[in-house]
Amino acid sequence: MTADRATLEVYGRKAGDYAAMVHRERNDRHLDAFIKSLPARARVLDLGCGPGRAAARMSQAGLQVDAWDASPEMAALAREQFGLEVRVAAFDALDADAVYDGIYANFSLLHAPRSEMPGHLDRIAKALTACGLFHIGLKTGTGERRDSLGRFYAYYEESELAGLLESAGFEVLSRATGMEAGLDGVEAPWIVMKGRKVD
């Protein structure tokens, strides 16, 4: 499947607003923990990098970063603001085999249909090296729906996400939950998990 057209159109129109929102965020503890968990010069993929803030942080920390996003406008912002080379690609373009020491998918896979999540997780596991690390952030809840801006979302309960990760060959190392307002201004619950590929 290609990325959802309506969702991409929203991010295209509001790329600057979204970049301003994420640049204002100061709580980077999950990103910092991900970086510290990886060896020096590790190769990582920021899958759904948006305007590039996290990819730039990882690069500054000495990691070798590949950055992908399905939105051409977001990719352009990441290039302009951080000098990142961003590949414009959807999640299902990932076909690497044991290439990455870590994959960072922070609130990006929530735009993929629930029916496609197992396939995405299988491709991510395949792309990771032995004992590679995977960070995923999603909004919690049930079902699928569009927000007031027209973006498509798929929601997961904590136990469901943990089960999906385990089925894809990951050991869940940590999890955290919280509540935050997004681009639509609505406070929503979220969950972040870090998993390790089990061989």
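Computed from a predicted structure; not experimentally measured.

**Some details on the environment of A75**
No. 1: With respect to the helices and strands, A75 occurs in helix 5 (residues 72-82).
No. 2: Counting along the chain gives 61 residues from A75 to K14, while the straight-line C-alpha distance between them is 13 Å.
No. 3: Discounting chain neighbours no more than four positions away, the residues touching A75 are G50, V86 and V88.

**Some remarks on the packing of aromatic side chains**
No. 1: Evaluated as defined, the whole model comprises four aromatic pairs.
No. 2: For the pair F107 and W190, a centre-to-centre distance of 6.3 Å together with 90° between the ring planes defines the contact as edge-to-face. Of the two residues, F107 is situated in the loop between strand 4 (100-106) and helix 6 (117-127) and W190 in strand 9 (residues 187-197); the sequence distance between them amounts to 83 residues.
No. 3: Given the relative accessible area of 24%, F107 is considered partly exposed.
No. 4: The residue whose ring lies beneath R87 is W68, and the NZ or CZ to ring-centre distance is 4.3 Å.
No. 5: For the cation-ring pair, R145 lies above Y155, with the distance from its terminal atom to the ring centre recorded as 4.0 Å.

Rules used throughout
Residues numbered from 1 in each chain as written. Predicted model: local features only at pLDDT ≥ 70, side-chain atom pairs only at ≥ 80, totals over all residues. Heavy atoms only, no water. Helix = DSSP H or I, 4+ residues; strand = E, 2+ residues; numbered from the N terminus. Contact = heavy atoms within 4.5 Å. Phe/Tyr/Trp six-rings, centres within 6.5 Å; stacked < 30°, edge-to-face > 60°. Buried < 20%, exposed > 50% of the residue type's maximum accessible area, 1.4 Å probe, protein only. Lys NZ or Arg CZ within 6 Å of the ring centre and 35° of its normal.

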